[in-house]
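# Coordinate analysis (summary)
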Amino acid sequence: MHRFFGRTLLAVALALLVAATLIPGAAMAQTLVVAQGADAVNLDPHTTNDQASSRVRRQIYETLIVQGEDLVLRPGLATSWKQLDELTYEFKLRQGVKFHNGETFKASDVKFTFERLLDPNTRADAKFLLEMIAEIQVIDDYTIRIKTKSPFSPILAHLAHPVAAILNEKAVKEAGSAYGTRVAVGTGPFRFVTWVSQSHIILQRFDDYWGEPAKVQQVVFRAIPEGTVRAIELETGNVDIAYDLEPVDVMRLESDPNIKLHSTESLSATYVGFNVQKPPFDNVLVRQAINHAVDVQALVDIIYQGQAVRAFGPLSPKVFGAHPALEPYTYDPQRARELLAQAGYPNGFKTSIWTNENPLRIQVAEVMQQNLAEIGIQADIEVLEWGTYLANTAAGLHDMFILGWVTVTADADYGLYALFHSSQHGGAGNRTFYTNPRVDELLDFARSTSDQDARLKAYYEVQEILREEAPWVFLLFQTYVDGTRANIDGFVPHPAGHHYLGRVSKN
Amino acid sequence: MAQFVLKRLLMLVPVVLGVSVIVFGLLYLTPGDPALLMLGEHAPQEQYLALREKLGLDLPVHIQYLRWLGRALQLDLGDSIRSSRPVTEEIATRLPATAELAVLAVLVATLIGIPAGVISATRPNSWLDNILTVLALAGVSMPVFWQGLMLIIIFSVYLGWLPPSGRLGGWEYFVLPVITLGTSAAASITRMTRATMLEAIHEDYVRTARAKGLNERRVIYRHALRNALLPVVTIIGLQFGNLMAGAVITETIFAWPGIGRLAVDAIRTRDYPVVQGVVMTFAVSYVLINLIVDLLYAYLDPRLRVRYH
């Protein structure tokens, strides 16, 4: 027995020793450690379209047009662009740009990238973002033309989305199936070095970067799923930046002088949708009544604990085209009862609220249930499995449902067209089955004209109509809180979540 | 012995086949069209049809199963819907991290559990026995999640001795997850050792050994423990199987890149090929560990070898 114990002890010691020497510790000086809640899935932008991957890709790749933290579009790999006719845009490309593998950036890479993204065999999640492209023409090495299938004015915002990043043809072809997991080549300020799946990804400063070089030598993205542990890692100084802090941790970190908190209003809207084709929700008075009956501010304060702002309309104020002065529905149960009586339901009715297993949404449904009971509406809450939830709301089997939408391009077209155009009923996005010829007309017009003022006017009118006709209960826009150590400078969070780290420095 | 091993190996076949039917069925037990579930909200029609074809959903179910099984036997479990990586590659890169954790946790648990159990049993109802019993009870009952966070708060936040999470090289990253994972196993082993030792100490052969004039240490460790160890080995084996699968929570708390987190992520994102692969891996490793336990048994107790001849 003694020998047995002796041998196991030796084995333990050996195992620990091996483990200790396997992964060399990263040099901490000039290394920026960033913690996020999930590991990236794939570094090939033409695979998944998840946030964790986008955040890493944003450092490696660049887009033709860059959407800054202020959501303004600026030149990226394209230095200038102009619209030649209704369908055609011409882009002048930046010269002297090198890919991380030493190749020179040229028009052929742009053509290759977009054609690969649009090829159904690529199975890119984000293909729909560039689906309006009909053809890409290479005019010369530094000029390309993009033709759209029909007039599509928000195209520049779509090209600025991180999934429209430019890949290097040679790197993709050489790597084959290893592209995105073992190889990722872009033109960005950091180049991909290694990836230990579910643990960390290491990026190194790219010395031949055409623009302002990155301030730190190395970025390490760590995947730390537990919110509290992520906060503790920041607190103890093992990570320099922690994304997506949870309310309970934020309260504790607020008083820590070594930590700076950054709160960002996001582009995501959470709403309750009605099935407007199904009685009693086909009656606009009923929908307005419910909008007056729900105490939205209480939802924001209590359930989201301040990590959200109240929504007055369907678009976050940061989105281009958001109405600046929509009048919110007041919380007014008396008015709600009156509207309900006018609609012919003085004693209310029975209905149901659907949600998926998201705990916040379930709480929202519970508060709504109480609010509705006050005006005589008896609502059952049904929690559905996600797949069933999507399928059944797409099929129109619901009364009311709670969902979210992220206007990833920060352009009103993305945030309104799929949700309210009558051609988008069901799974395409319009799960309320809302139909209004005037809204259709305005949305089609705003999509096709490049006159920005005319677009704004059209979107304002759409939002006024939607506010009045209330196919949704407008709930809230979530805010995200990121934390950095006090010695980190230059971190500016992007509302879409894919924060740029090229300007971040560590003192 | 060789024949014994062979027999035991053959008995594995129906078990693994049974598991494979259930694992395959996972995809069909969930309501809705699997292809639709995997693709989610924004999937265009052509992508949906392509995936249906790829999964072979238009074929009869038994043909689908046989095709799946045929590929699984060649270690082809398909590609992850999410990352497009082969499922076997996903599992192969994560399995070592989990195995490492489970092996260390079992070792630590054994090194603590057996001596603690022996000490308890040789001094029944003493203050030491009482303390150890209470500790063991606490160890079994403590929720892993809570324990992990408490350890982090004590050793990382207040004392600053150990990193809160990660597997970035260095022994210090192992300490907290191994303790967290090993605690309940250590407690179970302590309790089991105490119970079987108490029985063994009162056996005739122990009395004989003492009567022969052997010293007490030799009596306890050579004679009593060797016989008391049999059920303990079973517990250790079971614990090891539990740890492989039970690492899910520990790995999530400590951001440990193991197979448990792979399972959680796959379930959350409805990545069915990965879910199938991970469940299959858990099942097979459980079965294999049981086999090893049985072999150890036969080694420790020669009577068992004879029974299988």
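To be clear, the structure that these remarks concern was listed above.
What counts, and where the lines are drawn
Residues numbered from 1 in each chain as written. Chains lettered and ligands numbered in written order. Predicted model: local features only at pLDDT ≥ 70, side-chain atom pairs only at ≥ 80, totals over all residues. Heavy atoms only, no water. Helix = DSSP H or I, 4+ residues; strand = E, 2+ residues; numbered from the N terminus. Rg over C-alpha atoms; globule rule 2.2 N^0.38 Å. Areas by Shrake-Rupley, 256 points an atom, 1.4 Å probe, with all protein chains shown as cover. Lys, Arg positive; Asp, Glu negative; His and termini not counted. Charge placed at Lys NZ, Arg CZ, Asp CG, Glu CD. Buried < 20%, exposed > 50% of the residue type's maximum accessible area, 1.4 Å probe, protein only. Contact = heavy atoms within 4.5 Å. Salt bridge = Lys/Arg side-chain N within 4 Å of Asp/Glu carboxyl O. Polar contact = N/O pair within 3.5 Å; in protein donor to acceptor, adjacent residues only side chain to side chain. Axes fitted to C-alpha atoms, helices over the stretch in contact; angles between N-to-C directions. Left-handed = near helix turned anticlockwise from the far one by under 90°. Nonpolar A, V, L, I, M, F, W, Y, C, P; charged D, E, K, R; others polar. Pairing = 2+ DSSP bridges. Right-handed = clockwise from strand over helix to strand, strands pointing away.

When helices and strands are tallied, chain A shows 15 helices and 19 strands. In terms of overall dimensions, chain A is globule-like: its C-alpha atoms have a radius of gyration of 25 Å, near the 23 Å expected for 507 residues. Overall size of chain A, expressed as C-alpha extent along the three principal axes, is 80 × 75 × 45 Å. Of the roughly 19,200 Å² of accessible surface on chain A, a fraction of 52% belongs to carbon and sulfur atoms. Distance from the positive charge centre (45 side chains) to the negative charge centre (59 side chains) of chain A: 6 Å.

On to the environment of B:N125. All names here are of chain B. By secondary structure assignment, the location of N125 is in the loop between helix 5 (87-122) and helix 6 (127-141). N125 sits in the exposed class, given a relative accessible area of 64%. For N125, the residues in contact, after removing those within four places along its chain, are N130 and R194.

Residues and elements named next belong to chain A. Relative to the assigned elements, R57 resides in helix 2 (residues 51-60). Here R57 occupies a buried position and makes no salt bridge, while the nearest side chain of opposite charge, D50, is found at 4.3 Å. Here T48 takes part through its backbone oxygen, which lies 3.0 Å from a polar atom of the side chain of R57. Not counting chain neighbours up to four residues away, the residues in contact with R57 comprise N42, L43, D44, P45, T47, T48 and D50.

This part is about the packing of helix 13 (residues 412-420) of chain A against helix 14 (residues 437-448) of chain A. Residues and elements named next belong to chain A. One way to put it is that helix 13 packs onto helix 14 with a least axis distance of 10 Å and a crossing angle of 145 degrees. When you trace helix 13 past helix 14, the crossing you get is left-handed. For the pair helix 13 and helix 14, contact is made by D413, L416, Y417 and F420 and by V439, D440, L443, D444 and R447, respectively. Among the residues making up the contact of helix 13 with helix 14, the classes are represented as 5 nonpolar, no polar and 4 charged.

What follows covers the pairing of strand 14 (residues 350-355) of chain A. All names here are of chain A. In terms of burial, strand 14 is a largely internal element, 5 of the 6 residues being buried. Here strand 14 pairs with strand 15 (residues 378-383) via 6 bridges, running parallel. Opposite W354, over in strand 15, you have E382 as the bridge partner. The handedness of the strand 14 to strand 15 crossover, carried by helix 11 (residues 359-374), is right-handed. Two strands pair when backbone bridges link them, and strand 14 and strand 16 (residues 400-406) are joined in this way by 2 bridges, in the parallel orientation.

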